[in-house]
Amino acid sequence: MHTPGILVTRPQAQAEGLLRQVERLGWRPLAFPLLSIEPLPGAELDVAGYDWLIFVSRNAVLHGLPRLHSRLPRLAVVGKGTAAELARAGLRVDLQPSTTADSEGLLACPELQRMQGQRVLILRGQGGRALLAEQLRQRGAEVDYAEVYRRRPPDQGREALLALWPQIDLLLTSSTEALENLIALLGDQAQALLADKDLLVVSPRGLALAQQLGLSRVIQAEGAEDAKVLAAIQRWAAEDRGRREE
């Protein structure tokens, strides 16, 4: 019986749990981080006077929380993984979207519709999306950024990835930047190499980017949390098994 190889491309420190679960469910886990995360140096962040702190990712919590001092205002997050990271630090989240785990989902929350006179600090990675700040400013808020980490291209190169290629049945990309790094790493051969592989993305933005790149064998998970990613892999595995048995 064929055991599907699942390429997990999350940063190394964030991939370990998913890799273990992939193996436990009977698939073959393959690790190849398509980006790495490193903290940005900086002084302590004084959050006195802010009405909201928005953490856009788990990494924003991991690298931003140690720099905060003074009494914390209301806390908002984009997704469940970020909320869980704050809970591990003993903090309660005041606002989390119930629709999509992205900036659009957070912006749809009733609490952020009327922002006149509100001060907001967004903790994020270097060069993140501008949508959240732009929309909040249009609604009357004063918005600042604290960039507390940066993403770097993968440490391993093209040859290391190609050595794994024959073992891969499904590639999991956990962000649009990871997918962009994958395409850059494969270079001119990207479309040809991906033609016989299935790709799993975790957001509508990832799906849109894959389609723009001309990729057709794309599956979208309902979110980036491990449980949702594993559910999408299970659906894919059942379909893949059915194709092989035809």
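Rules used throughout
Residues numbered from 1 in each chain as written. Predicted model: local features only at pLDDT ≥ 70, side-chain atom pairs only at ≥ 80, totals over all residues. Heavy atoms only, no water. Helix = DSSP H or I, 4+ residues; strand = E, 2+ residues; numbered from the N terminus. Contact = heavy atoms within 4.5 Å. Polar contact = N/O pair within 3.5 Å; in protein donor to acceptor, adjacent residues only side chain to side chain. Pairing = 2+ DSSP bridges. Axes fitted to C-alpha atoms, helices over the stretch in contact; angles between N-to-C directions. Salt bridge = Lys/Arg side-chain N within 4 Å of Asp/Glu carboxyl O. Phe/Tyr/Trp six-rings, centres within 6.5 Å; stacked < 30°, edge-to-face > 60°. Lys NZ or Arg CZ within 6 Å of the ring centre and 35° of its normal. Expected span 1.5 Å × (residues − 1). Bend = angle between axes of the 7 residues up to and from the residue. Buried < 20%, exposed > 50% of the residue type's maximum accessible area, 1.4 Å probe, protein only. pLDDT = per-residue confidence, 0-100.

Caption draft 1: Representation of the environment of Glu38 in the model. Topologically, Glu38 is positioned in strand β3 (residues 36-39). Measuring from C-alpha to C-alpha, the distance between Glu38 and Leu193 comes to 30 Å, with 155 residues separating the pair along the chain. For Glu38, the residues in contact, after removing those within four places along its chain, are Tyr149, Arg150 and Arg152. Side-chain polar atoms of Glu38 contact the side chain of Arg150, separated by 2.4 Å. Among the polar contacts listed, one links the side chain of Glu38 to the side chain of Arg152, at a separation of 2.9 Å.

Caption draft 2: Local environment of the sheet that holds strand β8 (residues 119-125). Judged by pairing direction, the sheet is mixed, and its five strands sit side by side in the order β3-β9-β8-β5-β7 without closing on themselves. The open sheet is flanked by β3 and β7 (74-77), the only strands paired with a single partner. On average, each strand axis in the sheet is inclined to that of its neighbour by 25°, with strand direction left out of account. Two elements, β8 and strand β9 (residues 142-152), share seven bridges in a ladder whose sense is parallel. Its bridge partner lying in β9, Val120 is registered against Val143.

Caption draft 3: Inspection of the pattern of salt bridges at higher detail. A full pass over the atoms with the stated rule returns 14 salt bridges. A salt bridge links Glu142 to Arg119, with the nearest nitrogen and oxygen atoms 3.5 Å apart. Within this pair, whereas Glu142 is found in strand β9, its partner Arg119 is found in strand β8, the two being separated by 23 residues in sequence. Among the charged side chains, a network of salt bridges with common partners joins Glu38, Arg150 and Arg152.

Caption draft 4: Structural view of the packing of aromatic side chains. Applying the stated rule across the entire model yields zero aromatic pairs. Above the face of the Tyr50 ring, Arg119 is positioned so that its terminal group lies 4.2 Å from the ring centre.

Caption draft 5: Highlighting helix α1 (residues 12-24). Between its first and last C-alpha atoms α1 spans 19 Å; for 13 residues at 1.5 Å apiece the expected length is 18 Å, and the two agree. Along α1, the helix axis deviates most sharply at Leu18, where the bend reaches about 25°. Turning to α1, its buried residues are Ala15, Leu18, Leu19 and Val22. One or two residues past the end of α1 sits Gly26, with phi positive at roughly 95°.

Caption draft 6: Spatial organisation of the confidence of the model for the protein chain. Overall, the predicted model of the protein chain reaches an average pLDDT of 90, with 98% of residues at or above 70. Highest mean pLDDT in the protein chain belongs to strand β5 (residues 52-55) (98); lowest belongs to helix α10 (residues 226-245) (83).

Caption draft 7: Fine view of the environment of Val22. Tracing the backbone shows Val22 in helix α1. The spacing of Val22 and Val8 is 14 residues in sequence and 9.3 Å in space, taken between C-alpha atoms. Sequence-distant contacts of Val22, that is, excluding residues within four places in its chain, are made with Ile6, Trp27, Arg28, Pro29, Leu230 and Ile233.

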